[in-house]
Amino acid sequence: MSDAILRIENVHTDIAQYHILHGVDLQVPRGAVTMLLGRNGVGKTTTLRTIIGHWPAREGRIVFDGDDITALKTSERARAGIGYVPEDMGIFSDLTVEENMVLAAASGPLDTGRRDRIFEAFPPLRTFWRSPAGTLSGGQKQMLSIARAMAEERRLFLIDEPTKGLAPAIVSTMAGALRDLKRQGASILLVEQNFAVAKALGDFAAVMDDGRIVWAGEMEQLATDAGLQERLMGLSMEAG
Amino acid sequence: MSAAPDHRPRMADLPLGERIAKAMPVLLVPILLVLGFLAIGNPSSWLTLTVSGLAMGMMIFIMASGLTLVFGLMDVINFGHGAFISVGAFVGISVVLALAEWAQAPSLLLNLGVVLLAVLAAMAITGMLGWAFERVIVKPVYGAHLKQILVTVGGLIVIEQLIHVIWGPDEIFFARPEMLKGAVTFWGAALEKYRLLAVAIGLVLFVVMRLVFRRTRIGLIVRAGVENGEMVEALGYRLRLVFIGVFIAGSALAGLGGVMWGLYQEVITAGMGEEMMILVFIVVIIGGLGSVEGAFIGALLVGLLQNYIAFLEPKLALISNIALLTAILMWRPQGMMPVVKAK
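To start, this report covers the structure provided alongside it. Here the structure is a predicted model, which is why all the values come from computation and not from measurement.

## A few points about the interface of chain B and chain A
(1) Moving on: Between chain B and chain A, the contact holds 28 residues from the first and 37 residues from the second.
(2) Moving on: A combined buried area of about 3,000 Å² lies between chain B and chain A, and 58% of that area is made up of carbon and sulfur atoms.
(3) Moving on: Salt-bridge contacts for Arg 49 of chain A lead to Glu 230 of chain B; the nearest nitrogen and oxygen are separated by 2.6 Å.
(4) Moving on: The tally of links between chain B and chain A comes to ten residue pairs in polar contact (both at pLDDT 80 or more).

If you want it as structure tokens, here you go:
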């Protein structure tokens, strides 16, 4: 993978007294969707939070588009072009959908072009534009969360379990929106437990266990190799 | 916000019970006004006490609004806030005493000019003091509540002692500017002029704060930051700068409250801020952490209740606010309109 937009080299992360990431090595290719897979508690969310800077890497290096961002603050990483959609969606319940989006457009006013792009991807947001975000359904909140990350031009999206707990119809809308993002050439690192969605969206995959990447390669290889799936994903599904 | 679509979306209406429950904190003030009227009986006494209660509430709100934002946005328990109230009062009253000729002139313009200069000086000094306090005392203990209590109480004591060093250990008595003395009569009720001014300033400040929070990007950042600071940073904003700005603004508001409280009492002491902190904390807690609206309603409830009870049953006045705090927390354990949940 010579043209990686993100390279993580031997990253170790501690949360309080716990050593969670034990030397993660990962490359995210430019313009592709990389799925980060593994059972619960192996460090997928910690990896994303370390990349965005919510938790500092104790050791190792994070290189984004050729620049070492390991020492940068979260806001500097975001301004460098990394969009983050957390597992809990992180929407501001007290603010309206419009206010959430205005805030997400950090570089300036939310112009019509950007707004229309959001409405095209997520029509329900138009309907509930002036409603408090806290009153949205789970699926609508997830749409808002992804839409917010799309409000600015991002070179890399970090998305944590976007289909978790959603109804099948909403999962399909969400998958469609992510497919659109992919078509537009976005680079995405996506944590996903739903293997069907992972197969449909992923170009590449990396599987984590015990705070490390234990396998990385093309998604197609993982999707078509039953033995590999059983070895890696069987472990995942049983425990997850 | 120019990005609104050209149609008006609708959501299903909440059931009546839920709507009433949601609006109940706002309804508490009119309910208390009516109960006060029924209990007091005499309309002119009720009006005098109501204006007095509203004035007291507004001044407490001014002092509490900064603290609730600092609490909500920065998760900082700042007992040093009381020091900013005292310093604001001493700086402001020093200006009033220095401009005694203006203050004692029978000219409303000159008198209000003195008050304005006193307020600006107090807010400037307490704002700067707040900046230094945040950098030296608070910054090293972010995220550690017990340490925050210890060091901010320490900071409070140090600043109080500095007041003794600069202004002397004695309390300072003074007279309000000439045109703010006395009362006007309205429907047979004597309404102190200064209390009316305090109500007006409090209302203007509340409206301005609401406009800033609802209509400006910095207001959105603060509201969002109170709810989820990490996410605000992940959107590209430097929350640390917002933290500092809010701390400075909160300290300056405490200074403003200190000047107003000093002019109200016509005496200032180094410990006045510390004494006010009990009421300020009650207002922040019953209002709900991080909520300016909640602090506003809470402050009005505290001010009105204290004045009504002091008239009806003076012996109970001292415990009326503790009783209010207890009742509100039994009804809503997180306060009336919490923006952040107590941990």
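## What to know about helix H7 (residues 193-215) of chain B
Residue and element names in this part refer to chain B.
(1) Moving on: Between its first and last C-alpha, H7 extends 33 Å over 23 residues, near the 33 Å set by a 1.5 Å rise per residue.
(2) Moving on: Of all the residues in H7, the buried ones are Tyr 194, Arg 195, Ala 198, Val 199, Gly 202, Leu 205, Phe 206, Met 209 and Phe 213.
(3) Moving on: Tucked inside the fold, the buried residues of H7 contact helix H2 (43-74), strand E3 (189-192), helix H8 (217-234), helix H9 (239-265) and helix H11 (292-312).

## What about H8 of chain B?
Residue and element names in this part refer to chain B.
(1) Moving on: Counted at 1.5 Å a residue, the expected span for H8 with its 18 residues is 26 Å, but the 16 Å between its end C-alpha atoms falls short.
(2) Moving on: The principal kink in H8, of about 125°, is found at Asn 228.
(3) Moving on: When you tally the buried positions in H8, you get 13 out of 18 residues, the bulk of the element.

## Topic: the packing of helix H5 (residues 108-138) of chain B against helix H6 (residues 145-167) of chain B
All names here are of chain B.
(1) Moving on: Close contact between H5 and H6 brings their axes to 11 Å; oriented N to C, the two are set at 135°. On the basis of their axis angle, the class for H5 and H6 is oblique. Remark: the crossing between H5 and H6 carries right-handed chirality. Taken together, the residues of H6 that come into contact with H5 (itself represented by Leu 129, Phe 133, Ile 137 and Val 138) are Val 151, Thr 152, Gly 155 and Ile 159.
(2) Moving on: Broken down by class, the residue content of the contact of H5 with H6 amounts to six nonpolar, two polar and no charged.

## Some points on the packing of H2 of chain B against helix H10 (residues 272-287) of chain B
A packed helix pair is summarised by two numbers, namely the angle formed by the two axes and the spacing between the axes.
Residue and element names in this part refer to chain B.
(1) Moving on: Look at H2 against H10: their axes get within 8 Å of each other, and the N-to-C directions meet at 70°. In this view, H2 runs roughly perpendicular relative to H10, as classed from their interaxial angle. The two elements H2 and H10 meet at a crossing, and its hand is right-handed. Contact with H2, carried on its side by Met 56, Ile 60, Met 63, Ala 64, Leu 67, Thr 68 and Phe 71, involves Met 276, Met 277, Leu 279, Val 280, Phe 281, Val 283 and Val 284 of H10 and no other residues of that element.
(2) Moving on: Here the residues of the contact of H2 with H10 sort into 13 nonpolar, one polar and no charged.

## Side note on the pairing of strand E1 (residues 4-15) of chain A
Residues and elements named next belong to chain A.
(1) Moving on: Of the pairings in the sheet, the one linking E1 to strand E2 (residues 18-29) comprises nine bridges and is antiparallel in character. In the sheet register, Leu 6 faces E2, and the bridge partner there is Val 28.
(2) Moving on: Judged from the six bridges that link them, E1 and strand E4 (residues 57-64) form a sheet pairing that is antiparallel. Residue pairing across strands places Thr 13 opposite Ala 57, the latter belonging to E4.

## Thoughts on the pattern of salt bridges
All names here are of chain A.
(1) Moving on: Evaluated as defined, the whole model comprises 25 salt bridges over all chains.
(2) Moving on: Across the salt bridge formed by Arg 114 and Glu 152, the nearest N and O atoms sit 2.8 Å from each other. With Arg 114 in helix H4 (residues 112-121) and Glu 152 in the loop between helix H6 (138-150) and strand E7 (156-160), the pair connects residues that are 38 residues apart, well separated along the chain.
(3) Moving on: A relative accessible area of 12% places Arg 114 in the buried class.
(4) Moving on: Here the salt bridges do not stand alone but share partners, grouping Asp 3, Arg 30, Asp 65 and Arg 155 into one network.

## Some details on the pairing of strand E3 (residues 33-37) of chain A
All names here are of chain A.
(1) Moving on: Judged by how many residues are buried, E3 sits mostly within the fold: five of five residues are covered.
(2) Moving on: The alternating pattern of E3 places Val 33, Met 35 and Leu 37 and Thr 34 and Leu 36 on opposite faces, both of which are buried.
(3) Moving on: Pairing geometry for E3 and strand E9 (residues 204-209), over four bridges, is parallel. Among the inter-strand pairings, Leu 37 is bridged to a residue of E9, identified as Val 207.

## Details of the nonpolar core
(1) Moving on: Membership of the largest hydrophobic core comes to 187 residues, with the highest contact counts inside it found for Phe 122 and Leu 222 of chain A together with Phe 61 of chain B.
(2) Moving on: Ignoring anything within four residues of it in the chain, the contact list for Phe 122 of chain A reads Met 143, Ile 146, Ala 147, Met 150, Met 174 and Ala 177 of chain A.

## Some details on the sheet that holds E4 of chain A
All names here are of chain A.
(1) Moving on: Read from one edge of the open sheet, four strands run E2-E1-E4-E5, paired in antiparallel fashion. Since the sheet does not close on itself, it has two edges, and those belong to E2 and strand E5 (67-68), each with one partner.
(2) Moving on: On the sheet, helix H1 (residues 44-52) packs against E1, E2 and E4 and is oriented at approximately 110° with respect to E1.

## Some points on the packing of aromatic side chains
(1) Moving on: The full count for this structure, using the stated rule, is 14 aromatic pairs over all chains.
(2) Moving on: A ring pair is formed by Phe 37 of chain B and Trp 46 of chain B, whose centres lie 5.2 Å apart and whose planes are at 90°; its orientation type is edge-to-face.
(3) Moving on: Where Phe 61 of chain B meets Phe 206 of chain B, the ring centres are 5.7 Å apart and the plane angle is 80°; that geometry is what we call edge-to-face. Taken together, the residues Phe 61 of chain B in helix H2 and Phe 206 of chain B in helix H7 connect sequence positions 145 residues apart. Both residues of the pair, Phe 61 of chain B and Phe 206 of chain B, belong to the buried class.
(4) Moving on: By the ring-pair criterion, three or more aromatic residues cluster together here, those being Phe 61, Phe 206 and Phe 296 of chain B.
(5) Moving on: Over the face of the ring belonging to Trp 55 of chain A we find Arg 49 of chain A, whose NZ or CZ atom lies 4.0 Å from the ring centre.
(6) Moving on: Of note, Arg 148 of chain A hangs over the ring of Phe 92 of chain A, and the distance from its end group to the ring centre comes to 4.8 Å.

## Regarding the sheet that holds E9 of chain A
Residue and element names in this part refer to chain A.
(1) Moving on: Strand order in the open sheet made by the six strands is E6-E7-E8-E3-E9-E10, with mixed pairing throughout. Whereas interior strands pair on both sides, the edge strands pair on one side only; in this sheet they are strand E6 (82-85) and strand E10 (212-218). Strand after strand, the sheet turns through a mean of 15° between neighbouring axes, direction not considered.
(2) Moving on: Of the strand pairs in this sheet, E6 and E7 are connected by four bridges, and their pairing is parallel. Within the sheet, the bridge partner assigned to Val 85 lies in E7 and is Ile 159.
(3) Moving on: Along the sheet face, H6 touches E6 and E7 and points at about 170° away from the line of E6.

Rules used in this analysis
Residues numbered from 1 in each chain as written. Chains lettered and ligands numbered in written order. Predicted model: local features only at pLDDT ≥ 70, side-chain atom pairs only at ≥ 80, totals over all residues. Heavy atoms only, no water. Contact = heavy atoms within 4.5 Å. Buried area = accessible area lost by both parts, 1.4 Å probe. Salt bridge = Lys/Arg side-chain N within 4 Å of Asp/Glu carboxyl O. Polar contact = N/O pair within 3.5 Å; in protein donor to acceptor, adjacent residues only side chain to side chain. Helix = DSSP H or I, 4+ residues; strand = E, 2+ residues; numbered from the N terminus. Expected span 1.5 Å × (residues − 1). Buried < 20%, exposed > 50% of the residue type's maximum accessible area, 1.4 Å probe, protein only. Bend = angle between axes of the 7 residues up to and from the residue. Axes fitted to C-alpha atoms, helices over the stretch in contact; angles between N-to-C directions. Parallel < 35°, antiparallel > 145°, perpendicular 65-115°, else oblique. Left-handed = near helix turned anticlockwise from the far one by under 90°. Nonpolar A, V, L, I, M, F, W, Y, C, P; charged D, E, K, R; others polar. Pairing = 2+ DSSP bridges. Core = buried A, V, L, I, M, F, W, Y, C linked by side-chain atoms within 4.5 Å. Phe/Tyr/Trp six-rings, centres within 6.5 Å; stacked < 30°, edge-to-face > 60°. Lys NZ or Arg CZ within 6 Å of the ring centre and 35° of its normal.

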